[in-house]
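# Structural overview for review
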Amino acid sequence: MNCRIEFSAFVKTDLKEIDDWYRKINEKLLLRFYEEFENEVKFLRENPLSKEKKYNDCRICYLKDFPFGIHYKYDDLSNSILIIGIYHTSRNPKIWQTRL
């Protein structure tokens, strides 16, 4: 069920913040983050309904080795996913809920 993936404008900002943080700590860790992120996006492309709805039709795919969740919406009519953002699990939910 390969579906189209779209990214909101916020994703670029989120990834830049994550990139800046992990680049300061360890470049190899940053590369591992991107690898896991890309793997999860590929998984979602093939399995968009695999994650349960959490709020406002939004689903969250948590990364396995990093404290981040990919927040997304699936539109079955267009068979597409809109990735709304990538959020640290300890962040205040009100921050990402304003993006909906």
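Summarised in this report is the structure supplied together with it. Residue positions are given per chain, counting from 1 as you read along its sequence in written order. Given that this is a predicted model, residues contribute local features only at a pLDDT of at least 70 and side-chain atom pairs are listed and counted only at 80 or more, while totals for whole chains, interfaces and linings are drawn from all residues. With hydrogens and water excluded, all non-hydrogen atoms of the structure serve as input to the side-chain values.

## Considering the packing of helix H1 (residues 9-25) against helix H2 (residues 27-46)
At their nearest, the axes of H1 and H2 sit 6 Å apart, and the two run at 145° to each other. From H1, Leu15, Ile18, Asp19, Tyr22, Arg23 and Ile25 reach across to H2, where they touch Glu27, Leu29, Leu30, Phe33, Tyr34 and Phe37. Under the scheme applied here, ten amino acids are nonpolar (Ala, Val, Leu, Ile, Met, Phe, Trp, Tyr, Cys and Pro), four are charged (Asp, Glu, Lys and Arg), and all others, including Gly, are polar. Looking at side-chain class alone, the contact of H1 with H2 contains nine nonpolar, no polar and three charged residues. Orientation is described by axes fitted as lines to C-alpha atoms, over the contacting stretch for helices, and by angles from 0 to 180 degrees between their N-to-C directions. Strands are runs of DSSP state E lasting at least two residues, helices are runs of H or I lasting at least four, and both sets are numbered from the N terminus onward. Every residue pair with non-hydrogen atoms within 4.5 Å of one another is taken to be in contact.

## So, H1
In this scheme, a helix's expected span is set at 1.5 Å multiplied by one less than its residue total. Given a rise of 1.5 Å per residue, 17 residues ought to cover 24 Å, and the 26 Å separating the end C-alpha atoms of H1 matches this to within 8%. Of the positions making up H1, those classed as buried are Val11, Asp14, Leu15, Ile18, Asp19 and Tyr22. Axial view of H1: buried residues confined to an arc of 135°, hence all on one face. Counted as exposed and oriented over 90 degrees from the buried face of H1: Ala9, Lys12, Trp21 and Lys24. Against the buried residues of H1 lie strand E1 (4-7), H2, strand E4 (68-75) and strand E5 (80-88). Under the scheme applied here, a residue whose accessible area is under 20% of the maximum for its type counts as buried, over 50% as exposed, and between as partly exposed, the area being computed with a 1.4 Å probe on protein chains only. The reported arc concerns the directions from the helix axis to the C-beta atoms and nothing else.

## Points about the packing of aromatic side chains
Each Phe, Tyr or Trp ring, with Trp reduced to its six-membered ring, pairs with another whose centre is within 6.5 Å; inter-plane angles below 30 degrees give stacked pairs, above 60 give edge-to-face pairs, and intermediate values give tilted ones. Counting across every chain of the model gives seven aromatic pairs. Taking 5.6 Å as the distance between ring centres and 70° as the angle between the ring planes, the aromatic pair formed by Phe33 and Tyr34 counts as edge-to-face. Assessed through its relative accessible area of 0%, Phe33 is described here as buried. Note on Phe33 and Phe66: the rings are 5.5 Å apart at their centroids and 90° apart in plane angle, and the pair reads as edge-to-face. Of the two residues, Phe33 sits in helix H2 while Phe66 sits in the loop between strand E3 (58-62) and E4, which places them 33 residues apart along the sequence. Through a chain of ring-to-ring contacts, three or more aromatic side chains come together here, namely Tyr22, Phe33, Tyr34, Phe37, Phe66 and Phe68.

## A word on the sheet that holds strand E2 (residues 53-55)
Spatially, five strands are ordered E1-E5-E4-E3-E2 in an open sheet, and the strand pairing comes out mixed. Pairing within the sheet leaves two strands with one partner each, and these edge strands are E1 and E2. Going from strand to strand, the sheet's axes swing by 45° on average, the running direction of each strand aside. Most of the contacts of H1 go to E5, to which it runs at about 35°, and overall it touches E1, E4 and E5. Note on pairing: DSSP must find at least two bridges between two strands before they are called paired.

## A look at the environment of Asn56
The residue Asn56 is located in the loop between E2 and E3 in this model. A residue is classified by how much of its surface remains accessible, and Asn56, at 54% relative accessible area, is exposed. Sequence separation between Asn56 and Phe66 is 10 residues; the distance between their C-alpha atoms is 24 Å.

## With respect to the nonpolar core
Residues Phe33, Phe37, Phe68, Ile70, Ile81, Ile83 and Ile86 are the most contacted members of the largest nonpolar core, which totals 21 residues. Per element, the largest residue contribution to this core is five residues, and it comes from H2. If sequence neighbours within four positions are ignored, Phe37 has contacts with Phe7, Leu15, Leu63, Ile70 and Ile86. The next biggest cluster of nonpolar side chains, apart from the first, holds five residues, and it includes Tyr55, Cys58, Ile84 and Tyr87. The nonpolar core is taken to be a set of buried Ala, Val, Leu, Ile, Met, Phe, Trp, Tyr and Cys residues, with the residues joined through side-chain atoms within 4.5 Å.

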